[in-house]
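# Topology and contacts: notes
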Amino acid sequence: MWALSRRRHLCLTFLLVCVLSSVLFFHISQDLFHNGLDLSALFADRHLPTNPVAIFCLSGTPMSPNTSFSCPKNPASLSGTWTISPAGRLGNQMGQYAILLALAQLNGRRAFILRDMHATLAPVFRVTLPVLAPEVDSHTPWRKLQLHDWMSEEYAHLKNPLLKLTGFPCSWTFFHHLREQIRSEFTLHDHLREKAQGFLRQLRLPGTGVLPRTFVGVHVRRGDYLEVMPQRWKGVVGDGVYLQQAMDWFRARHEAPIFVVTSNGMGWCRENINTSQGDVIFAGDGLEESPEKDFALLTQCNHTIMTIGTFGFWAAYLAGGDTVYLANFTLPDSSFLRIFKPEAAFLPEWVGINADLSPLQKLPRRLSGIA
């Protein structure tokens, strides 16, 4: 009888220990998953398990220009795991990176980029956000949120700890309060900056041999926009008249500027930009697959002329100085204006010159959408 009672007591004790252990393990695992903690501290000298909290930093992701530490530690006050789906080319992904960083900080979340974004940005800039392992990305139960291209109040109160942002946002309204941090994230690697500055140092004012004091970067977006803008968005790209007006704006305000032209349509630029004053340099190579040379040149200039597109926006944003942009480049009834707000796209101090929309009147109605 005593033996039976003792066995029952032992069984009950064992069951109680099991229950308490299960509860403790559940709370620990929930906290680790919810807060996105690095398990390396718990599994020292062991292979990390494949689960949604394992992260890694690829080589070339320094914490700052003065350290070789490859995986920055996040502040203890941040929690969760946020990322963004990389899409588009350099300018698009710069916008996605900046907005992920800004929104994650605003909502107290930890930001991670995906491997494809790192492969696009890290060869050009000293980006610091850590990289999420592909297997973690594929196994995480993300909530997805498609962003529109301007900051909204709702984006300051996002509650989900596991969030994957999507879309092509690039508005300064998301991140301008972090401008110095954003500029630091997009610091060029030394070899790109030095090569761009070396090119600019070789330029001379026409007829004098004097080194220019004012460099104006000019980005002319062409390529696929030549069809996309008129056929889909009832819009135009920058033409020769606009570029002449923009250059004249700088000539009237700066002594003897030099215009450094880059484009993904350099042939068109050489044929349509007025070079009679001898102050225009066709410097771009137009290689969309490797845009870092053109981008570096633009950011090392004092001022910027842009047409349309995120590549030109980021060149102007990082260069600082004066910026002239192409304004009102779509018809008033364009559906593009449903997803694009000019006041959220261009900084208030930038100067807009209205586009010539008359070419749209010459297109077949089915292409321009004119009724």
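Residues numbered from 1 in each chain as written. Predicted model: local features only at pLDDT ≥ 70, side-chain atom pairs only at ≥ 80, totals over all residues. Heavy atoms only, no water.

### Points about the confidence of the model for the chain
Per-residue confidence for the chain gives a mean pLDDT of 83, with 77% of residues at or over 70. Overall, residues 23-76 carries pLDDT values under 50, and its contacts beyond four positions in sequence, including any with other chains, amount to 76 contacts. (pLDDT = per-residue confidence, 0-100. Contact = heavy atoms within 4.5 Å.)

### Focus: the pairing of strand S11 (residues 323-327)
Taken across its five residues, S11 has five buried, putting it largely inside the fold. Here two bridges tie strand S10 (residues 303-306) to S11, and the two strands are oriented parallel to one another. Bridge pairing links Ile305 to Val324 in S11. Each parallel crossover has a hand, and for S10 linked through helix H12 (residues 310-319) to S11 it is right-handed. (Buried < 20%, exposed > 50% of the residue type's maximum accessible area, 1.4 Å probe, protein only. Helix = DSSP H or I, 4+ residues; strand = E, 2+ residues; numbered from the N terminus. Pairing = 2+ DSSP bridges. Right-handed = clockwise from strand over helix to strand, strands pointing away.)

### A short note on helix H9 (residues 240-253)
Look at H9: 20 Å from first C-alpha to last across 14 residues, which is about the 20 Å you get at 1.5 Å a residue. Among the residues of H9, those classed as buried are Tyr242, Leu243, Ala246, Met247, Trp249, Phe250 and Arg251. (Expected span 1.5 Å × (residues − 1).)

### Brief notes about the layout of surface pockets
Considering only enclosed or pocket space, the largest pocket measures out at about 1200 Å³ in volume. Lining the largest pocket are 43 residues; nearest its centre among them are Asn92, Phe168, Tyr225, Gly309 and Thr310. Contributions of two or more residues to the lining of the largest pocket are made by helix H2 (90-106), helix H8 (225-232), strand S8 (258-263), H12 and helix H13 (342-345). A total of four residues in the lining of the largest pocket trace back to one element, the largest contributor, which is H8. Tallied by class, residues from the lining of the largest pocket come to 22 nonpolar, 14 polar and seven charged. (1 Å grid on protein atoms, 1.4 Å probe; cavity = no way out; pocket = protein on both sides within 12 Å on 5 of 7 lines; lining within 4 Å. Points joined across faces, edges and corners; volume = space filled by probe spheres on them. Nonpolar A, V, L, I, M, F, W, Y, C, P; charged D, E, K, R; others polar.)

### Some thoughts on the packing of helix H7 (residues 190-201) against helix H11 (residues 292-299)
One can describe the packing of H7 onto H11 by two numbers: an axis separation of 9 Å at closest approach and a directional angle of 65°. Helix-helix and strand crossings are classified by hand; for H7 and H11 the assignment is right-handed. Facing H7, whose interface residues are Leu192, Ala196, Phe199 and Leu200, H11 presents Glu292, Ala296 and Leu297. (Axes fitted to C-alpha atoms, helices over the stretch in contact; angles between N-to-C directions. Left-handed = near helix turned anticlockwise from the far one by under 90°.)

### Quick word on the sheet that holds strand S5 (residues 143-146)
One open sheet holds the four strands; their spatial order is S3-S2-S6-S5, and the pairing between them is parallel. Both outer strands of the open sheet, strand S3 (109-111) and S5, are each paired with one neighbouring strand and no more. Averaged over all adjacent pairs, the angle separating strand axes in this sheet is 30°, with direction ignored. Strand direction decides the pairing type here: strand S2 (residues 79-84) and strand S6 (residues 162-166), joined by four bridges, are parallel. Counted as the bridge partner of Thr83 is Lys164 from S6. On the sheet, H2 packs against S2, S3 and S6 and is oriented at approximately 160° with respect to S2.

### Details of the pattern of salt bridges
A complete count under the given rule lists nine salt bridges for this structure. Asp190 is the salt-bridge partner of Arg126, the closest N and O atoms lying 2.8 Å from each other. A residue pair is termed long-range when its members are at least 10 positions apart, and Arg126 in the loop between helix H3 (115-121) and strand S4 (131-132) and Asp190 in helix H7 qualify at 64 residues. The class of Asp190 is partly exposed, set by a relative accessible area of 32%. As a salt-bridge pair, Asp190 and Arg193 come within 3.0 Å of each other at their nearest N and O atoms. Of this pair, Asp190 and Arg193 both sit in helix H7, three residues apart, which is roughly one turn of that helix. Three or more residues are tied together by salt bridges with common partners; here these are Arg126, Asp190, Arg193 and Glu194. (Salt bridge = Lys/Arg side-chain N within 4 Å of Asp/Glu carboxyl O.)

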